[in-house]
Amino acid sequence: MASGRRQYPFHLIEPKWQQMWERQQAFRAFNPGETIPGGHPFAVRHGLEDKQPSAAELPPKFYILDMFPYPSGAGLHVGHPEGYTATDILARYKRAKGFHVLHPMGWDAFGLPAEQYAVKTGQHPRQTTEENIANFKRQIQSLGFSYDWSRELATTDPDYFKWTQWIFLKLYNSWFNPETNRAEPIETLKYPAELGEGADGNRGQASRLPLASKERNDGDRRDAGPTDLESARRAWRDKHRLAYVTDAPVWWCPALGTVLANEEVQDGVSEVGGHPVVRKPMRQWMLRITAYAERLLSDLDSIDWSESLKEMQRNWIGRSEGAEVDFAIADCRLPIADSKIRVFTTRPDTLFGATYMVLAPEHKLVDQITTPEQREAVAKYKAEVAKKSDLERTELAKEKTGVFTGTYAVNPVNGERIPIWIADYVLASYGTGAIMAVPAHDTRDFEFATEFNLPIVQVVQPPDPKTDWRGFVDDGTSVNSTGPEISITGLPTAEAKTKITDWLEAKGLGQRTINYKLRDWLFSRQRYWGEPFPIVWKRDAGGNLYHEALPESALPVLPPALTDYKPTATGEPPLARAKEWVTLPDGATRETNTMPQWAGSCWYYLRYLDAKNPQSFVGKEAESYWMGVSNPKSEIRNPKSATPGVDLYVGGTEHAVLHLLYARFWHKVLFDLGYVSTPEPFFKLVNQGLILGEDGQKMSKSRGNVVNPDDILKEYGADAFRLYEMFLGPLQDTKPWSTKGVEGVYRFLGRVWRLFGDEQSETEFEQAETVTNTQTPEAPKLLELIRLNSAIKDVPPSPAQLKALHACIKKVTEDLDAMRFNTAISAMMVFVNEAMTWKTKPHAVLREFLILLQPFAPHLAEELWTKVQSPKPKATASDGAETLAVGPGALDSLAYSPWPKFDPALLVESEIEIPVQVNGKLRDVIQVSADADNATVEAAAKASAKVKPFLEGKTLKKVIVVPKKLVNLVVV
RNA sequence: GCCGGUGUGGCGAAAUGGCAGACGCACAGGACUUAAAAUCCUGGGACCGUAAAAAGUCGUGUGGGUUCGAGUCCCACCACCGGCACCA
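Only a predicted model underlies this, so the values are computations on that prediction, with no experimental measurement involved. (Residues numbered from 1 in each chain as written. Chains lettered and ligands numbered in written order. Predicted model: local features only at pLDDT ≥ 70, side-chain atom pairs only at ≥ 80, totals over all residues. Heavy atoms only, no water.)

Caption draft 1: Quick look at the overall build of chain A. Helix and strand content of chain A: 29 helices and 36 strands. Split into buried and exposed, the 972 residues of chain A put 54% on the buried side. Residue pairs in contact within chain A that sit at least 24 positions apart in sequence constitute 70% of those at least 6 positions apart. Per element, the accessible surface of chain A, about 42,000 Å² overall, is 53% carbon and sulfur. Of the side-chain charges in chain A, 114 are positive and 125 negative, and the distance between the mean point of each set is 2 Å. (Helix = DSSP H or I, 4+ residues; strand = E, 2+ residues; numbered from the N terminus. Buried < 20%, exposed > 50% of the residue type's maximum accessible area, 1.4 Å probe, protein only. Contact = heavy atoms within 4.5 Å. Areas by Shrake-Rupley, 256 points an atom, 1.4 Å probe, with all protein chains shown as cover. Lys, Arg positive; Asp, Glu negative; His and termini not counted. Charge placed at Lys NZ, Arg CZ, Asp CG, Glu CD.)

Caption draft 2: Structural detail: helix H6 (residues 158–172). Taking 1.5 Å per residue as the helical rise, H6 with its 15 residues ought to reach 21 Å, and the 20 Å between its terminal C-alpha atoms agrees with that figure. By the criterion of burial, H6 is predominantly enclosed, with 12 of the 15 residues buried. All of the buried residues along H6 are Tyr160, Phe161, Trp163, Thr164, Gln165, Trp166, Ile167, Phe168, Leu169, Lys170, Leu171 and Tyr172. (Expected span 1.5 Å × (residues − 1).)

Caption draft 3: Summary view of the packing of helix H9 (residues 307–317) against helix H19 (residues 658–672). Relative orientation of the contacting elements H9 and H19 amounts to 75 degrees, with a least axis distance of 11 Å. Viewed along their axes, H9 and H19 adopt a mutual orientation that is roughly perpendicular. Contacts between H9 and H19 involve Leu309, Gln313, Trp316 and Ile317 from the first element and Leu660, Leu661 and Arg664 from the second. Tallied by class, the residues present in the contact of H9 with H19 amount to 5 nonpolar, 1 polar and 1 charged. (Axes fitted to C-alpha atoms, helices over the stretch in contact; angles between N-to-C directions. Parallel < 35°, antiparallel > 145°, perpendicular 65-115°, else oblique. Nonpolar A, V, L, I, M, F, W, Y, C, P; charged D, E, K, R; others polar.)

Caption draft 4: Representation of the sheet that holds strand S8 (residues 249–253). Sheet architecture is open: 3 strands sit in the order S9-S8-S12, paired in antiparallel fashion. Of all the strands in the sheet, the pair left with one neighbour each is strand S9 (258–260) and strand S12 (278–281). Each strand of the sheet is rotated relative to its neighbour by a mean of 55 degrees, with strand direction disregarded. Judged from the 3 bridges that link them, S8 and S9 form a sheet pairing that is antiparallel. Counterpart to Trp252 in the pairing with S9 is Val259. (Pairing = 2+ DSSP bridges.)

Caption draft 5: Representation of the nonpolar core within the structure. Counting 198 residues, the largest nonpolar core has Trp666, Phe756 and Phe831 as the members making the most contacts within it. Setting aside chain neighbours within four positions, we find Phe756 in contact with Arg787, Leu788, Asn789, Ile792, Leu846, Phe849, Leu850, Leu864 and Val868. Among the nonpolar cores identified, the runner-up in size contains 49 residues, and Ile420, Trp421, Ile422 and Trp503 belong to it. (Core = buried A, V, L, I, M, F, W, Y, C linked by side-chain atoms within 4.5 Å.)

Caption draft 6: Seen up close, the side chain of Ser174. Looking at the element boundaries, Ser174 is found in strand S5 (residues 174–177). Within polar-contact distance, the side chain of Ser174 engages the backbone oxygen of Lys170 at 2.5 Å. If sequence neighbours within four positions are ignored, Ser174 has contacts with Glu184, Pro185, Ile186, His240, Arg241, Leu242 and Leu673. (Polar contact = N/O pair within 3.5 Å; in protein donor to acceptor, adjacent residues only side chain to side chain.)

Caption draft 7: Region of interest: the pairing of strand S14 (residues 320–329). S14 sits mainly inside the fold: 8 of its 10 residues count as buried. Of the pairings in the sheet, the one linking S14 to strand S22 (residues 510–515) comprises 6 bridges and is antiparallel in character. Paired with Ala323 across the bridge in S22 is Arg512. Across 6 bridges, the pairing between S14 and strand S15 (residues 340–345) is antiparallel. Bridge pairing in S15 links Asp326 to Arg342.

Caption draft 8: Spotlight on the sheet that holds strand S27 (residues 648–651). Reading across from one edge, S2-S1-S27-S28 is the order of the 4 strands in this open sheet, with parallel pairing throughout. With partners counted over all chains shown, the strands left at the sheet margins are strand S2 (100–102) and strand S28 (685–687), one partner each. Direction aside, the axes of adjacent strands within the sheet are offset by 20 degrees on average. Pairing of S27 with S28 involves 3 bridges; the strand directions are parallel.

Caption draft 9: Looking closely at the protein's contact with RNA strand B. For RNA strand B, the set of nearby residues contains 54 residues, the closest of which are Ser320, Thr346, Tyr425, Arg444 and Asn968. Each atom of RNA strand B within 4 Å of the protein was classed as base or backbone; sugar and phosphate made up 66%. Between a phosphate oxygen of RNA strand B and a side-chain N or O atom of Asn822, the distance comes to 3.0 Å. Of the residues in the surface near RNA strand B, the class split is 22 nonpolar, 15 polar and 17 charged. (Near = heavy atom within 4 Å.)

Caption draft 10: Inspection of a negative patch on the surface at higher detail. A contiguous patch of negative charge on the surface is contributed by Glu130, Glu131, Asp157 and Asp159. Tracing the chain through its elements places Glu130 in helix H5 (residues 125–141). Since its relative accessible area comes to 48%, Glu130 is described here as partly exposed. (Patch = residues over 30% accessible without salt bridge, like charges linked within 9 Å, V, L, I, M, F, W, Y side chains within 5 Å. Salt bridge = Lys/Arg side-chain N within 4 Å of Asp/Glu carboxyl O.)

Caption draft 11: Local environment of the pattern of salt bridges. All chains considered together, the criterion is met by 45 salt bridges. A salt bridge links Asp540 to Arg234; the nearest nitrogen and oxygen atoms lie 3.8 Å apart. With Asp540 in the loop between strand S24 (535–539) and strand S25 (545–549) and Arg234 in helix H7 (residues 228–240), the pair connects residues that are 306 residues apart, well separated along the chain. With a relative accessible area of 11%, Asp540 lands in the buried category. A salt bridge links Arg342 to Glu324; the shortest N-O distance between them is 3.5 Å. Pair noted here: Arg342 is in strand S15 and Glu324 is in strand S14, with a separation of 18 residues, a long-range link.

Caption draft 12: Spatial organisation of the packing of aromatic side chains. Considering all chains together, one arrives at 59 aromatic pairs under this definition. Aromatic side chains Tyr8 and Trp753 sit 6.0 Å apart centroid to centroid with 35 degrees between the ring planes, which places their arrangement in the tilted category. Here Tyr8 is found in the segment before helix H1 (10–24), whereas its partner Trp753 is found in helix H21 (residues 739–756), with 745 residues between them in sequence. Between Trp521 and Phe665, the ring centres sit 6.4 Å apart and the planes meet at 65 degrees, which makes this aromatic pair edge-to-face. Residue Trp521 is found in strand S23 (residues 521–522), and its partner Phe665 is found in helix H19; the two are separated by 144 residues along the sequence. Here the two residues Trp521 and Phe665 agree in accessibility, since each one is buried. The ring of Trp305 carries the charged tip of Arg664 above its face, separated from the ring centre by 5.7 Å. (Phe/Tyr/Trp six-rings, centres within 6.5 Å; stacked < 30°, edge-to-face > 60°. Lys NZ or Arg CZ within 6 Å of the ring centre and 35° of its normal.)

Caption draft 13: Quick look at the pairing of strand S35 (residues 956–962). The pairing of S35 with strand S36 (residues 966–971) spans 6 bridges and is antiparallel. Across the sheet, the residue bridging to Val962 is Leu966, located in S36. As consecutive antiparallel partners, S35 and S36 are separated by 3 residues, and within that stretch Lys964 has a phi angle of approximately 65 degrees, a positive value.

Caption draft 14: Main features of the confidence of the model for chain A. In the predicted model, chain A carries a mean pLDDT of 87, and the fraction of residues at 70 or more is 90%. Residue range residues 198–226 is modelled with pLDDT below 50. Its contacts to residues more than four positions away, or to other chains, number 47 contacts. In this model, residues 871–891 is a region of pLDDT below 50 whose contacts with residues beyond four sequence positions or in other chains number 32 contacts. (pLDDT = per-residue confidence, 0-100.)

Caption draft 15: Seen up close, helix H11 (residues 372–387). Helix length check: H11 (16 residues) gives 23 Å between terminal C-alpha atoms against 22 Å at 1.5 Å per residue, within 8%. Every buried residue belonging to H11 is among Val378, Tyr381 and Val385, and all of these are buried.

Here you go:
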């Protein structure tokens, strides 16, 4: 042990209070209508003992949420508790402020490691998961966080994933209505005329179909037998559902034995593990997140997230405005419908500069338009591209490649013939999979044209004539842009875009379009340890396979027992091994994919609100109270949306796009369908920064610089650990760990201990401790031997003492409101340093200080709080310390003690120091009375002996007096 | 390449446009101690001075600018960190 003697007996104090809080359920939050037990400190504080308050009768809520962890086998590292400590401090602070705080914790427990372990050892992932959760929970609890453990949840719990599957059914049974711009039940989807039941008689409403049967046993369905009309209608609906099936190529990762979402693939390798991935067509479930692109984008304006995080989401969604333009194919040998190639461009103003076209190699027209002479070259190029992994495609991106198809297109604005090429720098999956190339004003086209000697025509003049127009991609003025029917020459870029787009629309050659980079969410995984889909597959009379939702009554769909967790030899998911499970009595077969890990984390913050509800994923009343809509006393800080949701959400940046985008998407669907009352889930979000190793490098096992919280706790205790994590620097910053730094705050806590404790009784305590087994339940009683320091007296504080206290209250309060934990701690250090010097320490002053300390170092503060309940040792000491903290009817629980208010009047000085500058340079500091007027201050400044030499022989030009701040004498 | 963020002592950091370096670490000196640990006190940006002081000069990545006054605001650049990356 580097630090030698223990600063204070945290090894007894911390378990004592953790047990106390747990016994008392001190941090349990109560839903509207719930009976609040008498004696519970929250009930005592708010006068709600044995009552069943409605939402309106409860104090204003405050929902503080941590990103729940994946309980890995490695246990907690010091990065986890950083955010958890910050939120715990705020939760405790808000409780003291009188809020009804919801502060829950749970487990994001589905995931690959437990499954990979199962593949290796045959141990069921549930067992691994449960062990890991137990370890995580023990570690988290040893830090004294004030979570409401009665709301604990795990995504792997059937009572939980039943509702994950239920939400999936909602997605499955909904479509996005572009007219109302929101999700609606699939029954509101109209069939097109050819599928309608009679012309307009029943408005083609799908509700005429026996849809009610969806909620009945699936066995009863469609006894009448399918018809062509019925399967056509089913196909129509299936095409519109928010959850749908495609056979599109997906990222298959052979090493992981699963497909991955676009977002899980980085630079051609899997984000997890860095394994290579390949493109492979497979049947997959998709979620139609793209329908929400616009709302996901625009609603960012209504929430309080960091600008950089919003920017990341905006970039991910990637909205771009432009136009789609049709180019006719010259000398067309094709049927009319296919004789056009549609391109997407954000720069229709550069249409006159289009000197060639490029199709993605996968574009569906490529084979049709390729001339016989070029056929071989095109086929070869397509084969090359198909062979390339995405990794190679990105790596080789520097050099442009492509092949001419032999065919020409006609530029609609000037009738010019331009060659059509194929090249892999055009992506099939974005826009229309084809572009018009304007080499003069697009970097990629410029490189391509240079490579293949294609013409480059200027059509934009840069604002600065010295700028080279070649490769100029910004806004300027259109030039050389006059055709037989339309001219935009001379127009600034913005106007040129409008004018030419209007013309294209009028001529039927194109239209305004908005494109998004965002793709639909690939939602199925070939894994065992995830939520099974509540979906079965059947065949209709024509032998066609179709899918159907299981009824709600079939939930939860549990995964089958397996002995082998590997995918099958044919590449089918592991669930396919459970033959009996897969096949239902009616011959239907179950979907064997499972949901991705993101599914469970998409809505866990809602389950916390009503974690045990067996009837619903969340009760209406609980939802509206905690999300802040039903309680008139709630603080609504954003008048624009007036729907705060989670008041504070803290977690790492690694979830900046995926989790946060997916969760927002699900929340909006639930909002549209009327299940939740706010359009956004997380009103305020803060990303905690990374904690690096002592060497300033990212912590990793291979570098050997990982700090284990258990080791720190053993040596310095939870309070010191918490304090240090916050003292390190601003929450959002990346900062290196320093175990030496822990000692600093540990010493501070030791000073607090000595400030309150009596030295002689401490010695007696230590002697008693050496002959006692500290593992016994009686050991904490030893703490009663510690007496209050005799310098602490029930006397009125001096003005200086009051000032020190109130300066501390002010600073800590303001810093907590702004989440500046490090400076709040330093303010408490300043206070303690000063209080140590006081000969007589007023009881009232030190007592208030403990309330400030409590959120940061709750165990120590609670223990000392028992000592300051009365300046004399308690007469009823035989009751033990417990009664002091939790006695019914008495407001003596520190955790719920009202936060002190500072009195600004106590902070005013009678004499203040004013710096005096000459020409902006500090020359002296003078003492003046605080209410001195400017003339007096100026005179005093001029009179200063240190200032005078700098004025001699100079002319005083100007005098700046900033009241109570500074004097600056300007001389020449 | 594009977007976002950050550059302040030996280190972590602090500073509504107004005394740069609070608070802490590490370090040095002292007190207590047989000694050590712990604790308490003192010191500290650099330079130049001096027996020791005082005074002075320079100092917040670099170069400009605005201002009586800039770590803070503006412009240009450099470095590092994070994100995106052939998205037309």
